[in-house]
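Summary of structural features
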Amino acid sequence: PLFKVAVVADQPIEVQEKDLPAAYAALHPFLATRFVNYYQPDSKTLDQVIGKVGRHQVDMLVDLRADQMHYWVNDESPKGYFLELILRGSDGPKLSPQKAEGKQVRYVDWVVPGILGMNIMFSCLFGVGFVIVRYRKNGYLKRLKATPLTATEFLLSQVLSRLILVVTVTSVVFVGTNLLLDFTMEGSYLSLFLVLVTGTFSLISLGLVIAARVSSEELAGGLLNLLTWPMMLLSGVWFSMEGTHYLLQAVSQLSPLTHMLTAARSIMLDGAGLMDIMSHLLILAVTAVVFLAIGAFGFKWSSD
């Protein structure tokens, strides 16, 4: 699907998945449009869905209840623009446009945190993973084993060095891009920096789990790609998980990148404070400690 449309009706549609297209088309001819992902939000959270239209998480909301007959789009959304043209040109009852609540942000304001998060993910996983595997393959770790250095100390040094590098590079890229694009920033830069540090720490620690025992760079590359692909697809880097299958949404919550991006967007677009994103920060901190402990416990100095 190219578009995502939330549909509110008098009666919820309860049919098998294969019968959904016909059921939606029966509500309004516009809903017979192909390549559109239609889903039914809870009518009690309608105000939240309207806000998601303004945040590019949903391309359009149509309310087909008999006493309503409205639709909402983001005036800054290219997808919303084309959906509105299709809706106006379709047969059936006419719907009146409504203004989405909250500030309507540009798509670039929504997607840039995802792109920076994806870059952080690759830098953390591959930057740490390949370095330690190469150390082990070349026998460098075997020489370090003869020193008083412990596995925890060595891994912490790798985490801190990569953390400083990734945070510095990402901050420079963010500032430089902001000068060109002038991002929407409703919250605190300090809170955003804290999310950056905590999320980077968690992703680096995740890379250490792979690098703790693997001796082959080829195997390490395959395992790291096995981690990055679902995170890049299901963490909300390019598109919102709103309206997707509940199992996919549940799986997405297992990714540290999901919590990092959700917290960053909440700060930038909604002006969220530390207490609003505290749950995401706690999850990132706990996963970082757990991953680091697993990496230290299973660490292997040599390739033997």
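Residues numbered from 1 in each chain as written. Predicted model: local features only at pLDDT ≥ 70, side-chain atom pairs only at ≥ 80, totals over all residues. Heavy atoms only, no water.

All right, on to unusual backbone geometry then. Glycine aside, negative phi is the norm for most residues, and most peptide bonds take the trans geometry. Of note in the backbone geometry, Phe35 takes a positive phi value of approximately 60° without being a glycine. Along the polypeptide, Phe35 turns up in the loop between helix 1 (20-27) and strand 2 (36-39). (Helix = DSSP H or I, 4+ residues; strand = E, 2+ residues; numbered from the N terminus.)

A few words now on the nonpolar core. As a rule of thumb, soluble globular proteins bury nonpolar side chains together. Counting residues in hydrophobic clusters, the biggest one holds 53 residues, and the most contacted among them are Ile132, Phe154, Val195, Met260 and Phe299. Every element with two or more residues in this core is listed here: helix 4 (107-137), helix 5 (140-145), helix 6 (151-181), helix 7 (189-211), helix 8 (217-234), helix 10 (256-270) and helix 11 (278-297). Setting aside its immediate chain neighbours within four residues, Ile132 contacts Leu141, Phe154, Leu155, Gln158, Leu208, Ala211 and Phe299. With 19 residues, the next largest nonpolar core counts Val5, Val7, Tyr38 and Tyr71 among its residues. (Core = buried A, V, L, I, M, F, W, Y, C linked by side-chain atoms within 4.5 Å. Buried < 20%, exposed > 50% of the residue type's maximum accessible area, 1.4 Å probe, protein only. Contact = heavy atoms within 4.5 Å.)

So, about helix 8. Given 3.6 residues per helical turn, the α-helix brings residues three or four places apart onto the same face. In this model, helix 8 (18 residues) spans 26 Å end to end at C-alpha, consistent with the 26 Å of a helix rising 1.5 Å per residue. Every buried residue belonging to helix 8 is among Ala220, Gly221, Leu224, Thr228, Met231 and Leu234, and all of these are buried. In the core, the buried residues of helix 8 are packed alongside helix 4, helix 7, helix 9 (246-252) and helix 10. Once helix 8 ends, the next one or two residues include Gly236, with phi positive near 80°. (Expected span 1.5 Å × (residues − 1).)

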